[in-house]
Each structure stands twice: as structure tokens, then as C-alpha cells.
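# Chain and residue survey
One letter stands for each residue in the lines below.
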Amino acid sequence: MKIAVCVKEVPDPTAEKRIDPDTKRLVRSGENTLNRYDRHAIEEAVRLREGAAPGAEIAVVLVAPASASRTVDKALAQGGDRSVHLADDGLSGSDIVATSRALAAVLARDSYDLIVFGQQGSDAECYVMASAVAERLARPCVTQVAALALDGSSLKVKRQVETGYETLEVSLPAVISVSDAINEPRYPSLPAIMGAKRKPHEVLSLADVGLAAGDVGVDGSRTHVSALSKPPTRGDSVKLEDDGTAAEKILAFLVERKVVA
Amino acid sequence: MNYDLPAEHQALRETVRDLAENVIGPVAEELDRTSTFPLAIVGQLGAMGLMGVPFPAELGGGGADILSYAIAVEELARIDSSVAITVAAHTSLGTSPIVLFGSAEQKERYLPELCSGRRLAAFGLTEPGSGSDAAAIRTRAAEQPDGAWVIDGEKMFITNAGTAISGLVTITALTAEGETSNLIVENGTAGYEPGPPLHKMGWHASDTRPLAFQSCRVPAGNLLGPRGNGFRQFLEILDGGRISVAAIGLGLAQGAFEQALAYAQQRNAFGRPIAKLQAIQFKLADMETEIAAARHLLYHAAWLKDRGRPFAHAASLAKLYTAELSHRVVNEAVQIHGGYGYMDEFPISRFYRDQKILEIGEGTNEVQRLVIARGLGV
């Protein structure tokens, strides 16, 4: 079985997000790291390899600047067998349409039985990349998978939805995104950390995957950001100095807003 | 000259820091308060290869270098010294004698369990009446006609000997007048009894006990290396151990400094954060300066050892400096916390109690100075 786990490099979530006023893009020049939601995707692939799909090969696939080697190594230490990294300056400024086109072109070079995404990126929080890539590859797609079981050539999945869970069966090859409730990612072992660099790393250019500069980047994107602003600060906060009656005032405040009855 | 830490070492630091902050940190206070040995944490560290960082991966170890080991111990001590000393004593004092001097049979019998952390190893040199004065040891091992050894004596302040997963202790004993040898004694051997845990100022969650040997018989095969090499072997073991104790001092100082910095920014006095007061700023600046110097000393000692060069002198410098710097840093860190620093509500009081032993264990500051002076040829 061949599994691809698509991962993303994101700005360090503990640092404050900044927007470049000229390009209107997220500033990515600070510390970057592996999107934390993707750790659940890698962990689930590793569990398949340890369980129902012994010998499964796990490729870590990403579209990211060439400088993303630490992110790649982190994903490999977590359990990936090899990496496929599309790194091309022409990709800068790609939106979901352009990025999904690039990812689909990388994924189409191989015959993956299962393509796994994390539920969202911790930077742009879009939740849709799995669906967009599945559409381009004409594969069935299930998002927000909270549990899965391999059953021959199909996957039985429990999908987290607002009202509860859906139980679905999807035939392979397929694309899924896993929820962050699906597992608790393990810490990588020391030998895995030390061995990550020695695993096969494939770095590709746009030409390698049959794309032209105009297919991706700003030119290949369908959304154009005209303005960005920080959310307004909330002005309706109330500050209480405790004179012995603060608890009663807080309770009254919550009752008034029907938060508690 | 290259001051960039290799990417693998950075990734290791990130992983151990994450584990220390998110798995160990939340339970550190309770383990300390209840003097509970962190069995589950040791299990998790073992599964990650962190109970045998510098030993071969084929044996269940981490397959990494001494610098990696120092970084791992430093990051553990930044959050919890009890866990750090458990790892350091097991690795440098417990397991390394068998790696360095063990026969093929001894390595095969013990290393897979030890390197993977499924069993803990201890090293028994200190006795009730002899510490740094190791020539004064009294424990005797008498050779029997069949080649076996019968051990009688006591050991003191031994780490990791009495936990639920303790597997063996390597002890130094007199095997003739003026002759010392090291012998492996497995837990459960008749005549070997780890005593009750000792009550300590700090390191509450680590296992420290006296050991008693009464007509304790071990087979001939338990002699470690050639007879009469006890003294030479333990000197080499202690040289390596200094790197890990120095790493505990560095990590403890780093953790104390970060706590002091955070507290100084949140605590107000005279209408502004105390971090705005020059008296506090100077303390913080001194801390950062000394910690940076200590890190260079320690990593240099590790770097020398990794290259197979003489490292013992550098390790002594690092051990002495981190022991004394951690004292200064943790003392000022408590001072910055004021009255809250004296309360157990903040981790800094635990750090204060955990620090003192670093100036005593594995060679006191005074003995460290003797060793360093000897290296000067004076």
C-alpha cells in the first residue's frame, strides 16, 4: 500500500502572525515549523503501517519553499519513509486553487492508494485543501475523519460532523483529511530524529511536474487579496475591581446574557 | 569553527523540550511533593531511545553522540531535575561501565534491557565512610575456590538501585589489599538488599538508597573487566558522568532564569513590572551571561569526547562552573520571586532545593578544583 501524507510548513504558531502590507501575505520569514494538524495525519498513516497495512510506504508530500528542510525532517522523524518536495520560487503567492493544482500534479506522479491530510493549516485555517486536491485527482474524499479501519480495498471511516458522527465506507484510492481527535501523535524516537536526513528526499521544480509558471503563484490564483485588517478590538469588555461583590456582579453579568440560568 | 548546532541536534532539543514541558512539567510538582519515582515517564523516555542516548540503536539506545546526550539531559533538567538525574545516572554511571568494560556475554545479557530503559542500572562507589576519598572503601569481595565472589559491605547515596525496574548495580570492592575491582550485582541476588529510600533536600522523585551486601555471592562472570581495574574504571566512568551532571546544572540554571524573567515581567512593584527596575535587570543580565558561558564549556567538553580526544579536563571545568553558576542563578531567581519564591506554589522553590546536590554529587566543587589543578601540573 502506498500512502501519501500531505504536510504544510507554517509560521511558528506561538509567534504573532504578521501581514506584509505590500504583498498582503502572511509574513513567513520568521521561524517556521510543521503544521501541528499534520502530525495527526502522519501518525494515522504510521498506525496503518503498524496494523492493517504492514509494509505500507509513507511518502511525505509538500509544496513549500526550498528552506523547508526542517519541516520535512520533522515529518520524516514522525514516521514518513521518504519526502517529495515541490519547491519553486514561482509558487509564491499561490491561493487554494493554485496550491491544489500544484499538489495534485505532484501526487499524480505516483499511484497512491491513500492520500491523507491534516484537517486544517494552522496559518490560513482553510480546511479545504483535501477536497480541492481530491476534486482535481477525481478521487473520493472524506474530511474530518475521526476514526478509520482498512477493510480490503476500502476504508471504513467515522466522520465528525456538527450533529455527531457519520459512518461511511470509501473505496481506495481515496483522499481523506483527519480530525485532530483521531489520535494522539507520539513523540519521535531519537533514532528517528537522527535518521530523518538520511531518508530519500526528492525535490521537484514546477517543470518536473509539468506545470508552467502561469499555472501557480499569483497568476495561477483565482483569489486576489485587496485588503487585510486585524480583527477590531472588542470594546464591550467590563473591568471589575473586587470590592467583595465581584462574584455577584460576574454572576449577574452571565445571567443577563443567558450564559447561565 | 562552526557554532551552528546541527539540524538533528536542534530537532532533538525541540522534541525533548516539548516532552519535558507537556508531559513531565504538568506532573513534576506532584512527583516532587509525594517523592514518587516517575516510572511512566522513564518508560516513555525509554521507548524514545532517551534512556541510552549515546549507545547503539541496535541495542535499543539512541545511537547518537555525547552532544545529543548533553542536550537531552539539559532539556529535562530545565523542567525537572529528578527526571534528569534518573536518566543521567542510568546512562553515565549505570550503563556505561558495561558498554566500556563489559565482556561480550555481559553486554549481550544486560545492554538491550538497559539501553532501552526497560531496566535501570546503578553504580555503587560511595560508602558511608568514603566519598571522593574512594581509596577508603571498605566493601570487600572475596574470591571463592570456584571463582565466584562473596561480597560484604555497604554503599551509600546510590541512584536508581531500588526502583521497581532496577536490574543491577555495579559496585567497586576491595578484591585484595590495595586492589579494587568492579562487580555486577543483579537485583534479587541473595544477600543484596537495597535499603529504604533516603529523605533528601531535593531530587525527591529520584531513587536514592543505601545498599547492603551480606555474604552476597555472585558468579565469576560478574567481574567487570580484568581484576584489579576497579580504580581505573571508575575514574573513566566519572569523567563521562561529569558531562551529564554539568548538563543538569546548565538546564536547571536555564529553567530558573526563564522563570525569573517571566515573573519579573508579570510582577508589579511601585507601579510597574519589576523587570523595569535596574536592580532586577542586572540580575537577569548576569544570569544570561553566565548561562551562555556555561553552555559553551559544556558543549566543548561533549564535542571533544565525540571526537575521541581527551575531554576529562574540559568536563571538570564544565562540571565545576555549572555547579556554581546554577547556585548563583537559582539563588537570584528565588530572590526575584520574593516571598512567592519561598512558597511551593511556584516551581522555583523546587529548583532551589534540587540545585545544591550539583555542588556535591559526582565530585564536590573542592574535589573538582583538585582535579583541575592536577591537570595544570601544579
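Just so you know, these numbers come straight off a predicted model, no measurement behind them. (Residues numbered from 1 in each chain as written. Chains lettered and ligands numbered in written order. Predicted model: local features only at pLDDT ≥ 70, side-chain atom pairs only at ≥ 80, totals over all residues. Heavy atoms only, no water.)

Okay, the overall build of chain B next. A count of helices and strands for chain B gives 10 helices and 10 strands. By the compact-globule yardstick of 21 Å for 378 residues, chain B fits well, its C-alpha radius of gyration being 21 Å. In terms of overall dimensions, chain B has a C-alpha envelope of 80 × 45 × 40 Å along the principal axes. Counting only residues that meet the buried cut, chain B has 53% of its 378 residues in that class. (Helix = DSSP H or I, 4+ residues; strand = E, 2+ residues; numbered from the N terminus. Rg over C-alpha atoms; globule rule 2.2 N^0.38 Å. Buried < 20%, exposed > 50% of the residue type's maximum accessible area, 1.4 Å probe, protein only.)

Attention now goes to the domain arrangement of chain B. One frequent convention defines the size of an interface as the accessible area lost when the parts assemble. All names here are of chain B. Domain annotation of chain B identifies domain 1 (7-115), domain 2 (121-228) and domain 3 (232-375). Using C-alpha coordinates to define each centre, domain 2 is positioned 30 Å away from domain 3. Each side of the interface is counted separately: domain 2 has 13 residues, and domain 3 has 12 residues. Together, the buried faces of domain 2 and domain 3 total about 1,000 Å²; carbon and sulfur atoms form 66% of this surface. Here domain 2 and domain 3 share 0 salt bridges between them. In this structure, the connection of domain 2 to domain 3 is made through 4 residue pairs in polar contact (both at pLDDT 80 or more). Along the lines of polarity and charge, the residues of the side of domain 2 that touches domain 3 split into 7 nonpolar, 6 polar and no charged. (Domains from an automatic or database assignment. Contact = heavy atoms within 4.5 Å. Buried area = accessible area lost by both parts, 1.4 Å probe. Salt bridge = Lys/Arg side-chain N within 4 Å of Asp/Glu carboxyl O. Polar contact = N/O pair within 3.5 Å; in protein donor to acceptor, adjacent residues only side chain to side chain. Nonpolar A, V, L, I, M, F, W, Y, C, P; charged D, E, K, R; others polar.)

The next point concerns the interface of chain A and chain B. Facing the 11 residues of chain A at the interface are 22 residues of chain B. Summed over both sides, the interface between chain A and chain B buries roughly 1,300 Å², with carbon and sulfur atoms accounting for 65% of that surface. Considering only the side of chain A, the residues that lose the most area to chain B are Y187, L190 and M194 of chain A, jointly responsible for 51% of the buried surface there. A salt bridge links R70 of chain A to E14 of chain B; the shortest N-O distance between them is 2.2 Å. Counting across the chain A and chain B interface gives 4 residue pairs in polar contact (both at pLDDT 80 or more). Looking at the side of chain A that touches chain B, the elements that each hand over two or more residues are helix 2 (69-77) and helix 5 (190-195) of chain A.

Let us now look at the sheet that holds strand 8 (residues 154-161) of chain A. All names here are of chain A. Overall, mixed pairing links the 9 strands, which are arranged 9-8-7-10-6-1-4-5-11 in an open sheet. Each end of this open sheet is capped by a strand with a single partner; those strands are strand 9 (164-171) and strand 11 (201-204). Sheet twist, expressed as the mean angle between neighbouring strand axes with direction ignored, is 30 degrees. Of the pairings in the sheet, the one linking strand 7 (residues 141-151) to strand 10 (residues 174-178) comprises 3 bridges and is parallel in character. From the neighbouring strand, V142 faces strand 10, where its bridge partner is I176. Together, strand 4 (57-63), strand 5 (82-86) and strand 11 form the strand contacts of helix 2, whose direction differs from that of strand 5 by roughly 150 degrees. (Pairing = 2+ DSSP bridges. Axes fitted to C-alpha atoms, helices over the stretch in contact; angles between N-to-C directions.)

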